[in-house]
Amino acid sequence: QHHVDSLALHGILESDEAVCEDVQVASADSNRLLETDLSKSVQQLVGPLLKLDMPGCLIEQIQADAQEVGATVAKMLPNAEKLKMKLQIMGEDTCSRWHQD
C-alpha cells in the first residue's frame, strides 16, 4: 500500500490514476521492430516508478508482463494501428470474480 500511496503523493499518476503509453504497431513490419517499440514504450511506462523507492523485482515483473502481453495483443490484432499500454491502480475489490486476496 505504501508504494501506491507514494505514487499518488508524488503526482506520478494522471487524473484517472494511470500512466499511459501508446505503441505504434501498424508500422511494425517485423516481430523484432515490434519488440523494440514495445520495449521503448514499456521503459517509458515504468520510468516514473524508477524515481520512487519501488522494489526492483516489482518493476522488472511489470516490464516483463507488459512486454509479453503487448506482443500477444499485437499479434492477435494485426490490423490495429496502435496499442495503448496503461499502468493503472484498480483499487479494492475491482476484480472479485477472478481475484481474491
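(A) Looking closely at the nonpolar core. Listed in full, the twelve residues of the largest apolar core are Val19, Val23, Val25, Leu34, Leu38, Val42, Leu45, Ala66, Ala71, Ala74, Leu83 and Met85. Every element with two or more residues in this core is listed here: β1 (18-24), α2 (31-50), α3 (56-76) and β2 (82-88). With four residues, the single largest contributor to this core is α2. If we ignore the near neighbours within four places in the chain, the residues touching Ala66 are Val42 and Met85. Counting six residues, the second largest nonpolar core, distinct from the first, contains Val46, Leu49, Leu52 and Ile59.

(B) Examining the confidence of the model for the protein chain more closely. Averaged over all residues, the pLDDT of the protein chain equals 76, while 65% of them reach at least 70. Looking across the protein chain, the model is least confident in helix α1 (residues 2-9), with a mean pLDDT of 64, and most confident in α3, with 90.

(C) The arrangement of the side chain of Ser41 in detail. When you line up the elements, Ser41 lands in helix α2. Relative accessible area serves as the criterion here: at 6%, Ser41 is assigned to the buried category. Excluding its chain neighbours within four sequence positions, the residues that come into contact with Ser41 are Glu21, Asp22, Val23 and Met85.

(D) Region of interest: the packing of α2 against α3. Relative orientation of the contacting elements α2 and α3 amounts to 145 degrees, with a least axis distance of 9 Å. Crossing of α2 against α3: the hand is right-handed. Across the interface between the two elements, Asn31, Leu34, Glu35, Leu38, Ser39, Val42, Gln43, Val46, Leu49 and Leu50 of α2 pack against Ile59, Ile62, Gln63, Ala66, Gln67, Gly70, Ala71, Ala74 and Lys75 of α3. Class assignment of the residues belonging to the contact of α2 with α3 gives a composition of eleven nonpolar, six polar and two charged.

What counts and what doesn't
- Residues numbered from 1 in each chain as written.
- Predicted model: local features only at pLDDT ≥ 70, side-chain atom pairs only at ≥ 80, totals over all residues.
- Heavy atoms only, no water.
- Core = buried A, V, L, I, M, F, W, Y, C linked by side-chain atoms within 4.5 Å.
- Buried < 20%, exposed > 50% of the residue type's maximum accessible area, 1.4 Å probe, protein only.
- Helix = DSSP H or I, 4+ residues; strand = E, 2+ residues; numbered from the N terminus.
- Contact = heavy atoms within 4.5 Å.
- pLDDT = per-residue confidence, 0-100.
- Axes fitted to C-alpha atoms, helices over the stretch in contact; angles between N-to-C directions.
- Left-handed = near helix turned anticlockwise from the far one by under 90°.
- Nonpolar A, V, L, I, M, F, W, Y, C, P; charged D, E, K, R; others polar.

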